[in-house]
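# Close look at the chain arrangement
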Amino acid sequence: NAGVMQNPRHLVRRRGQEARLRCSPMKGHSHVYWYRQLPEEGLKFMVYLQKENIIDESGMPKERFSAEFPKEGPSILRIQQVVRGDSAAYFCASSPGTANTEAFFGQGTRLTVV
Amino acid sequence: GIQVEQSPPDLILQEGANSTLRCNFSDSVNNLQWFHQNPWGQLINLFYIPSGTKQNGRLSATTVATERYSLLYISSSQTTDSGVYFCAVVGGSWGKLQFGAGTQVVVTP
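Below is a summary of the structure that appears in this document. (Residues numbered from 1 in each chain as written. Chains lettered and ligands numbered in written order. Predicted model: local features only at pLDDT ≥ 70, side-chain atom pairs only at ≥ 80, totals over all residues. Heavy atoms only, no water.)

### A closer look at the nonpolar core
Soluble, globular proteins show a tendency: their nonpolar side chains are buried together. Counting residues in each nonpolar core, the largest one holds 23 residues, and the members touching the most others are A:Trp34, A:Met46, A:Leu77 and A:Tyr90. Counting residues in hydrophobic clusters, the runner-up holds 22 residues, among them B:Ile2, B:Leu11, B:Ala61 and B:Val107. (Core = buried A, V, L, I, M, F, W, Y, C linked by side-chain atoms within 4.5 Å. Buried < 20%, exposed > 50% of the residue type's maximum accessible area, 1.4 Å probe, protein only.)

Below you can see the structure in the form of structure tokens.
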């Protein structure tokens, strides 16, 4: 049973470009969460999705950031017109249920904006 | 939202030593997890422990939900235990995890 798969592991983008981060949840998991970790900081919640639905995006910046979890395929976190401050590690987690279930994390995507 | 405080912020241990890490949270929780972030940045699940005590090898954890804290015990520490240990809780009905700031552990040979 493969774990949570994220790709790419490392992504370098120039300012103004778009970044697309992918996350395939564990088999049987329909709940996906994205978190961001800035250098030397803890993880901060961004968005929670179930298949085809955004449930909670309270941690997502209002502009340039979007997320989706289509019926088929991985969840995508999209950052448009990246800026230096977007440089961070982005982690995806999945779980089989909501509050009372264990979440498992992918290895993260390290985004560097140059 | 729920506040999560971890202590100590930093810990330096000699190989073989024991240690206790603490996580305090400000409200009742539905879920509490401990993670180890290794020096390569990978987040590893240690315990899913909303209440009670669990053990896994040299690591054990206890959560006293009524008093709003959890403890992670590391015994006979090894250099591979180095990294950051995070406590994270879920306070609401969604599975959104609120992370503490972490405890940076360095184990020296």
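That shown, we press on.
### A closer look at the state of the cysteines
Under the counting rule described, the total for this entry stands at 2 disulfides over all chains. Here A:Cys23 connects covalently by a disulfide to A:Cys92, the sulfurs 1.8 Å from one another. Residues A:Cys23 and A:Cys92 are joined through a disulfide that is left-handed, its torsion about the S-S bond being -50°. In this pair, A:Cys23 sits in strand β3 (residues 19–24) while A:Cys92 sits in strand β9 (residues 88–95), placing the two residues 69 residues apart along the sequence. The residues A:Cys23 and A:Cys92 share a single accessibility class, namely buried. Each sulfur in the disulfide pair B:Cys23 and B:Cys87 lies 2.0 Å from the other. (Disulfide = S-S within 2.5 Å. Helix = DSSP H or I, 4+ residues; strand = E, 2+ residues; numbered from the N terminus.)

### Quick look at the pairing of strand β7 (residues 65–68) of chain A
All names here are of chain A. Burial of β7 is one-sided: the residues Phe65 and Ala67 facing one way are buried, the residues Ser66 and Glu68 facing the other way are not. One ladder, built from 4 bridges, connects β7 with strand β8 (residues 75–79); its direction is antiparallel. In the sheet register, alanine 67 faces β8, and the bridge partner there is leucine 77. Taking the residues between adjacent antiparallel strands as the criterion, β7 and β8 are bridged by 6 residues, where glycine 73 takes a positive phi near 100°. (Pairing = 2+ DSSP bridges.)

### Notes on the packing of aromatic side chains
Going through the model one piece at a time under the given rule, you end up with 9 aromatic pairs over all chains. Judged by centre distance (4.5 Å) and plane angle (5°), the ring pair of A:Tyr33 and A:Tyr48 falls under stacked. Highlighted residues: A:Tyr33 in strand β4 (residues 31–37) and A:Tyr48 in strand β5 (residues 43–50), separated in sequence by 15 residues. With respect to class, A:Tyr33 is no different from A:Tyr48; both count as buried. Measuring from centroid to centroid gives 6.0 Å for A:Tyr35 and A:Phe45, while their planes differ by 75°, and the two rings are edge-to-face. Of this pair, A:Tyr35 sits in strand β4 while A:Phe45 is found in strand β5, placing the two residues 10 residues apart along the sequence. A residue is classified by how much of its surface remains accessible, and A:Tyr35, at 0% relative accessible area, is buried. Given a relative accessible area of 12%, A:Phe45 falls into the buried group. When the ring centre of B:Tyr69 is taken as origin, the NZ or CZ atom of B:Arg22, which lies over that ring, is 4.2 Å away. (Phe/Tyr/Trp six-rings, centres within 6.5 Å; stacked < 30°, edge-to-face > 60°. Lys NZ or Arg CZ within 6 Å of the ring centre and 35° of its normal.)

### Some points on the layout of surface pockets
The probe, sized like a water molecule, is rolled over the atoms to show the empty space still left. Empty space within the largest pocket amounts to approximately 490 Å³. A:Gln37, A:Glu40, A:Glu41, B:Gln37 and B:Val84 are the residues nearest the centre of the largest pocket, which is lined by 25 residues in total. Class assignment for the residues of the lining of the largest pocket results in 10 nonpolar, 11 polar and 4 charged. Taken as a whole, the second largest pocket holds about 230 Å³ of empty space. For the second largest pocket, the lining is made up of 15 residues, of which A:Phe45, B:Val89, B:Lys96, B:Leu97 and B:Gln98 are closest to its centre. Elements represented by at least two residues in the lining of the second largest pocket include exactly β5 of chain A together with β9 (83–90) and β10 (98–99) of chain B. The dominant element in the lining of the second largest pocket, judged by the number of residues it contributes, is β5(A), at 3 residues. (1 Å grid on protein atoms, 1.4 Å probe; cavity = no way out; pocket = protein on both sides within 12 Å on 5 of 7 lines; lining within 4 Å. Points joined across faces, edges and corners; volume = space filled by probe spheres on them. Nonpolar A, V, L, I, M, F, W, Y, C, P; charged D, E, K, R; others polar.)

### With respect to the sheet that holds strand β8 (residues 69–74) of chain B
Residues and elements named next belong to chain B. Pairing in this open sheet of 5 strands is antiparallel, and the strands run β1-β3-β8-β7-β6 from one edge to the other. Edge positions in the sheet fall to β1 (4–7) and β6 (52–56), since each has one partner strand and no second. Taking each pair of neighbouring strands and ignoring which way they run, the sheet shows an average axis angle of 15°. Across 6 bridges, strand β3 (residues 19–25) lies against β8 in antiparallel orientation. The partner of arginine 22 across the bridge, within β8, is leucine 71. (Axes fitted to C-alpha atoms, helices over the stretch in contact; angles between N-to-C directions.)

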